Amino acid sequence: MISVEQALELVLQHAGKLQRCRQVNIEAALGCILAEDVVSDVDSPPHDKSIVDGYAIHEGDLSGENQLQIIEHIVAGLVPSRSLEKGLATQIMTGAPIPTGTAAVVMVEKTSTQNKGDLEFLSLTERSIRPGQNIVRRGQSMKLGDVVLRQGTLLRAIEIGLLAEVGRESVWTLIDPAVAILPTGDEIVPHTEKPPPGKIRNSNSSLLANLVMQAGGQPAESDIVPDHAETLLQAIEENLDCDAILLSGGVSAGVHDLVPAALAKAGVKQVFHHVNLKPGKPLWFGFFDRGDDRPPCLVFGLPGNPVSGLVCFELFVRPALQKMRWMKPRGLPIQRATLTVEHKHRGDRPSYWPAEYDSDSGQILPLSWQGSGDLRSLTGANALAYFPGGDRVWPVDEEVTVYLLPASS
Ligand SMILES: Nc1nc2c(c(=O)[nH]1)N[C@H]1C(S)=C(S)[C@@H](COP(=O)(O)OP(=O)(O)OC[C@H]3O[C@@H](n4cnc5c(N)ncnc54)[C@H](O)[C@@H]3O)O[C@H]1N2
Ligand code: MOO
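Residues numbered from 1 in each chain as written. Chains lettered and ligands numbered in written order. Predicted model: local features only at pLDDT ≥ 70, side-chain atom pairs only at ≥ 80, totals over all residues. Heavy atoms only, no water.

1. Some remarks on helix α1 (residues 4-14)
Given 3.6 residues to a turn, an α-helix orients residues that are three or four positions apart in the same direction. Selection criterion: Classification of residues uses two cut-offs on accessible area relative to the type maximum, computed with a 1.4 Å probe and protein chains only: under 20% is buried, over 50% is exposed, and between them is partly exposed. Where helices and strands are cited, they refer to DSSP runs of H or I of at least four residues and of E of at least two residues respectively, numbered from the N terminus. To be clear, the arc concerns the directions from the helix axis to the C-beta atoms. Contacts are assigned to residue pairs that have any heavy atoms within 4.5 Å of one another.
Those residues of α1 that fall on the buried side of the exposure criterion are Val4, Ala7, Val11, Leu12 and His14. Looking straight down α1, one finds that the buried residues subtend no more than 160 degrees of arc, so they occupy a single side. Those residues of α1 that are exposed and angled more than 90 degrees off the buried face are Glu5, Glu9 and Gln13. Buried positions along α1 lie against β18 (269-273), β19 (284-288), β20 (297-302), α6 (306-324) and β23 (351-358).

2. Quick look at the packing of helix α3 (residues 204-214) against α6
Any two packed helices are characterised by the angle at which their axes cross and by the distance between the axes. Put simply, the test is: Angles here are taken between N-to-C directions and fall from 0 to 180 degrees, while the axes themselves are lines fitted to C-alpha atoms, restricted in helices to the stretch in contact. Put simply, angles under 35 degrees are roughly parallel, angles over 145 are roughly antiparallel, angles from 65 to 115 are roughly perpendicular, and the rest are oblique. Note: crossing handedness is left-handed where the near helix turns anticlockwise from the far helix by less than a right angle, and right-handed where it turns clockwise. The nonpolar class holds Ala, Val, Leu, Ile, Met, Phe, Trp, Tyr, Cys and Pro. Asp, Glu, Lys and Arg form the charged class, and all remaining residues, Gly among them, are polar.
Taken N-terminus to C-terminus, the directions of α3 and α6 make an angle of 20 degrees; their axes are 10 Å apart at the nearest point. Judged by the angle between their axes, α3 and α6 are roughly parallel. The interaxial crossing formed by α3 with α6 has right-handed handedness. Every residue of α6 that contacts α3 at Asn204, Leu207, Leu208, Leu211, Val212 and Gln214 is listed here: Pro306, Gly309, Leu310, Phe313, Glu314 and Arg318. The class makeup of the residues in the contact of α3 with α6 is seven nonpolar, three polar and two charged.

3. Thoughts on the side chain of His345
Threshold: Counting of polar contacts relies on pairs of N or O atoms within 3.5 Å, with two restrictions inside protein: one atom must be capable of donating a hydrogen and the other of accepting it, and residues adjacent in sequence are counted only when both atoms are side-chain atoms.
Take His345: it is sitting in strand β22 (residues 343-345). The class for His345 is buried, based on a relative accessible area of 3%. From its side chain, His345 meets the backbone oxygen of Pro388 in a polar contact 3.4 Å long. Here the side chain of His345 touches Gly390 through a polar contact of 2.9 Å, landing on its backbone oxygen. Not counting residues up to four positions away in its chain, the partners in contact with His345 are Ser351, Phe387, Pro388, Gly389, Gly390, Asp391, Arg392 and Trp394.

4. Points about the domain arrangement of the protein
By a widespread convention, an interface's size corresponds to the accessible area lost as its parts come together. Note the cut-off: As used throughout, domain bounds are those supplied by an automatic or database domain assignment.
According to the domain assignment, the protein contains domain 1 (4-20 + 175-324), domain 2 (22-42 + 149-174), domain 3 (49-136) and domain 4 (334-404). Summarising the inter-unit geometry, the C-alpha centres of domain 1 and domain 2 are found 32 Å apart.

5. What to know about the packing of α1 against α6
The N-to-C vectors of α1 and α6 enclose an angle of 30 degrees; their axes lie 9 Å apart at closest approach. When the axes of α1 and α6 are compared, the pair comes out roughly parallel. Crossing geometry of α1 relative to α6 is assigned as right-handed. Judged by residue contacts, Val4, Ala7, Leu8, Val11 and Leu12 of α1 engage Leu315, Phe316, Pro319, Ala320 and Lys323 from α6.

6. Structural notes on unusual backbone geometry
Cis geometry is adopted by the peptide bond preceding Pro45, which originates at Ser44 and carries an omega value of -5 degrees. Relative to the assigned elements, Pro45 resides in the loop between β2 (38-39) and β3 (49-50). For the bond running from Lys278 to Pro279, omega is -5 degrees, close enough to zero to count as cis. The residue Pro279 is located in the loop between β18 and β19 in this model. Although it is not a glycine, Asn134 adopts a positive phi angle of roughly 65 degrees.

7. Some thoughts on the sheet that holds strand β24 (residues 363-366)
Our working definition: DSSP-based pairing: two strands are paired if at least 2 bridges between them are found.
Spatially, the five strands close up into a barrel ordered β21-β24-β23-β25-β27, and their pairing is mixed. Taken over all neighbouring pairs, the strand axes of this sheet differ in orientation by 50 degrees on average, direction set aside. Sheet topology places strand β21 (residues 334-339) next to β24; two bridges connect them, and they run parallel. Note that in β24 the partner of Thr338 across the bridge is Gln363.

8. With respect to α6
We apply this condition: In this scheme, the bend at a residue equals the angle between the axes fitted to the seven residues that finish there and the seven that begin there.
A maximum bend of about 45 degrees is found in α6 at Phe313. Most of α6 is tucked away: 18 of the 19 residues are buried.

9. With respect to the nonpolar core
Condition: Definition used in this section: a nonpolar core is a set of buried Ala, Val, Leu, Ile, Met, Phe, Trp, Tyr and Cys residues joined via side-chain atoms within 4.5 Å.
Within the largest apolar cluster, 57 residues are counted, with the highest numbers of intra-cluster contacts made by Leu246, Leu298, Phe300, Phe313, Phe316 and Ile364. With eleven residues, the single largest contributor to this core is α6. Looking at this core, you find at least three residues from each of domain 1 (4-20 + 175-324) and domain 4 (334-404). Apart from residues lying up to four places away in sequence, Leu246 is in contact with Val179, Ala180, Ile181, Leu182, Leu208, Val212, Phe300, Leu302, Phe313 and Val317. Leu233, Cys242, Leu263 and Cys297 belong to the second-largest nonpolar core, a separate cluster that totals 20 residues.

10. Quick notes on the site of ligand 1
For clarity, the threshold we go by: Here a residue is near a molecule or strand as soon as one of its heavy atoms is found within 4 Å of it. Residue-level accessible areas treat just the shown protein chains as cover; the underlying method is Shrake-Rupley with a 1.4 Å probe.
Around ligand 1 there are 20 residues in total, and Glu187, Asn202, Val251, Ser252 and Gly304 lie nearest to it. One nitrogen or oxygen atom from the main chain of Asn204 is found 3.3 Å from a nitrogen atom belonging to ligand 1. Measuring from an oxygen atom of ligand 1, one finds a backbone N or O atom of Val251 at 3.0 Å. Calculation on ligand 1 without its partners gives an accessible area of 870 Å², and the protein chains cover 71% of this total. Tallied by class, residues from the shell around ligand 1 come to six nonpolar, ten polar and four charged.

11. A look at the packing of aromatic side chains
So the rule is basically this: A pair of Phe, Tyr and Trp rings is counted when the ring centres sit within 6.5 Å of each other, with Trp represented by its six-membered ring. The angle between the planes then sorts it: under 30 degrees is stacked, over 60 is edge-to-face, the rest tilted.
The full count for this structure, using the stated rule, is six aromatic pairs. Measuring from ring centre to ring centre gives 5.2 Å for Tyr352 and Tyr386, while their planes differ by 55 degrees; the resulting arrangement is tilted. Of the two residues, Tyr352 is situated in strand β23 and Tyr386 in strand β25 (residues 383-387); the sequence distance between them amounts to 34 residues. Overall, Tyr352 belongs to the buried group, its relative accessible area being 1%. Judged by its relative accessible area of 22%, Tyr386 falls in the partly exposed class.

Structural data, given as structure tokens:
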């Protein structure tokens, strides 16, 4: 049986960068991948500006000893109309353009003013003022024509703010990977129904669809596919145009585990079946060549047990979606953490055990978990703790590797 590392390498060998793009308004671009280089149409700041509320002064007055005559008050949105000379000062607000002849700006807190008739005078309490103090030069953070965002960038709030700063109403972005979700099994009923004896609700479609969305994909949930070879084949064929298909169930050794045979019949080429991990061992992976310039449709036969499906998604599907979206296929972030309780590991398979990670203390608590069908215990999990294969007692304070599950905010 291949290892997790070998399986991931094979998955990534077959995952290709998607190329189809669409234009979106920047208001709707959060989480999208930028498909163009973005160039600034302005200098930022657009003028030499003050970074404090205060007074602009001339280089002849940098000693701070002279009393200066205030000649103008520049509030936000105004531009100075008079140049500075020795003995003159202009009141200026944060962000306002400085008058020509300005050598430095002194913060208002380091000044006092005095009226003499119609005239207003400024005294400075600060001495030996540094030339250029409190001034940011035009174009210091970006210049007209600079490439400010590169193709392939994930658009977060920060990048969208920058798009607004360079005047973009819309941008070209990558179309999210289309991911079909096919739940299989005669025992599965829609989650909106009360399951009769022997049946179980379909929780995997909701779980997987939301994992896909969290990973930047566009899920399409299909109806439950019964354990019937022809129906299964048809459901697979209908979805081969997608960028990926996630089947759930029917990949282990049961009499109704029809998925591998149906995939072969649909022309999906098997790359591997079974990976040395727990939970998730029966994972099936293959690809379908779509016969055009698009990368192949990746097909994952996920084990039916919800936690097995979740673990396989995080270890293999997430990195594949990252690669499709031009990102580094890093998968989940990894940390080292110390165990808060002893953990007994049994079995040859390396395990990914649901756990609660505390980033403040760097500690990890493996949860009391009843196995791959027990999704309920994972409501307290924010991580998977990794234990290599082999029977071993892991003592308190021993360091282990943990994979951090994504938070939705
Ligand atoms: N003889 C063997 N039996 C099993 C093996 C094995 O190697 N040899 N592997 C076990 C492991 S490990 C797992 S994991 C499961 C996975 O089996 P399948 O992928 O074939 O999944 P099913 O048998 O169809 O279902 C397993 C389990 O999950 C429930 N399920 C299925 N679909 C859904 C759904 N959409 N929503 C919620 N729950 C679902 C299903 O009812 C079963 O309880 O096989 C072991 N057996
Ligand atoms: O992986 Mo099964 O993956 O042990 O439940």
